[in-house]
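Report on the structure
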Amino acid sequence: MKDYQARPDLLAGRVVLVAGASSGLGRTASLAYARHGATVALLARNEARLETVYDEIVAAGGPEPAMFPFDLAAADDRGLETLAGTIAHHLGRLDGMLYSAHQFFSLTPLALQTLEQWQSLMRVNLIAPFALTRACLPLLRQAPDASVVFTGESHGHRPAAYWGGYAVAKAGLETLTHIWNEELADTATLRINTLIPGPVATTLRARTHPGHTPDALPAPDDLMPWYLYLMGPDSQTVRGQIIECAP
Ligand SMILES: NC(=O)c1ccc[n+]([C@@H]2O[C@H](COP(=O)([O-])OP(=O)(O)OC[C@H]3O[C@@H](n4cnc5c(N)ncnc54)[C@H](OP(=O)(O)O)[C@@H]3O)[C@@H](O)[C@H]2O)c1
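Residues numbered from 1 in each chain as written. Predicted model: local features only at pLDDT ≥ 70, side-chain atom pairs only at ≥ 80, totals over all residues. Heavy atoms only, no water.

Overview of the pairing of strand β1 (residues 15-19)
For β1, a buried count of five out of five residues is recorded, marking the element as mostly surrounded by other parts of the structure. Two elements, β1 and strand β2 (residues 39-44), share five bridges in a ladder whose sense is parallel. Across the sheet, the residue bridging to Ala-19 is Leu-43, located in β2. Pairing between β1 and strand β4 (residues 96-99): four bridges, direction parallel. (Buried < 20%, exposed > 50% of the residue type's maximum accessible area, 1.4 Å probe, protein only. Helix = DSSP H or I, 4+ residues; strand = E, 2+ residues; numbered from the N terminus. Pairing = 2+ DSSP bridges.)

Structure, rendered in structure tokens:
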């Protein structure tokens, strides 16, 4: 899939929600989706950073995006349903969602992790992807070809010491993917997959591996063939998969 070449109009006419659009992989995917024709609903907390992504998309001649400054850690069902309603009202449809937002504290032994940290880790890394998908489900079901992509973590797939609640939440995301997939078996027009990027040079990587040089790592742009493939119609038959970019 790393050699996948997306045609220029791959996502033309589609609306894609990107949670975690203000930085890293979510930012790069938002730019890539817009470059391939999508109207992107940009969601994150930091409005100034969202505006930068918005401006970059407009400057590159992409469809005018929409900005949703929103805190997924504080969201409740009502807030998420209002968000989905606002997307429907302003953008008229929803053909895809990339969940790239995450919460991470530090690599620490379980003995030092707190209940409050775990609640926050579960909230942003597992509960919010579930609840945001649920809130958007009526819209996604209306789309002729809809794709939801969660972002996993290799340590959620293969647990290791010190990754704690972060890895547990990411492991839960894989289970969530399988359950959604079974429950959507009779909805051929909607698929849900989890993409595990592997090591990528972003601010998160600098926090998890402070001693590593980012130059040796893939850049977010290098992973865009996967992000485009999974969001567009060429992956219509890929359902309920956990896909590792760098196994
Ligand atoms: N980078 C890697 O090496 C790597 C490896 C494996 C997996 N991943 C996964 O890839 C995904 C993206 O990682 P990244 O490296 O691109 O991270 P990043 O650069 O830190 O970006 C994270 C995004 O999430 C948003 N966000 C965080 N908390 C939020 C909240 N409460 N509400 C709304 N938005 C929130 C941030 O925006 P605001 O601060 O503006 O809210 C930001 O846009 C994550 O799921 C991560 O687990 C990354």
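Describing the side chain of Thr-187
Among the secondary structure elements, Thr-187 is positioned in the loop between α6 (164-183) and β6 (190-196). Once residues lying within four places of it in the same chain are set aside, the contact partners of Thr-187 are Arg-141 and Arg-239. (Contact = heavy atoms within 4.5 Å.)

Examining the packing of aromatic side chains
Taken as a whole, this structure holds five aromatic pairs when the rule is applied. Ring centres of Trp-163 and Tyr-166 lie 6.2 Å apart, and the angle between their planes is 35°; on these two criteria the pair is classed as tilted. Neither Trp-163 nor Tyr-166 differs from the other in exposure class; each is buried. Ring pairing ties together the aromatic residues Phe-104, Trp-163 and Tyr-166, which thus form one cluster. (Phe/Tyr/Trp six-rings, centres within 6.5 Å; stacked < 30°, edge-to-face > 60°.)

Some thoughts on the site of the ligand
In the vicinity of the ligand there are 30 residues, among which Ser-23, Leu-25, Arg-45, Tyr-166 and Thr-202 approach most closely. Interatomic distance of 2.4 Å between a side-chain N/O atom of Thr-202 and an oxygen atom of the ligand. Relative to its unbound accessible surface of 900 Å², the ligand loses 94% to contact with the protein. Using a 2 Å cut-off from the grid points, one finds that the ligand occupies the largest pocket. Of the residues forming the shell around the ligand, the biggest block, three residues, is contributed by helix α7 (residues 203-208). Of the residues assigned to the shell around the ligand, the class counts are twelve nonpolar, twelve polar and six charged. (Near = heavy atom within 4 Å. Polar contact = N/O pair within 3.5 Å; in protein donor to acceptor, adjacent residues only side chain to side chain. Areas by Shrake-Rupley, 256 points an atom, 1.4 Å probe, with all protein chains shown as cover. 1 Å grid on protein atoms, 1.4 Å probe; cavity = no way out; pocket = protein on both sides within 12 Å on 5 of 7 lines; lining within 4 Å. Sits in = over half its atoms within 2 Å of the grid points. Nonpolar A, V, L, I, M, F, W, Y, C, P; charged D, E, K, R; others polar.)

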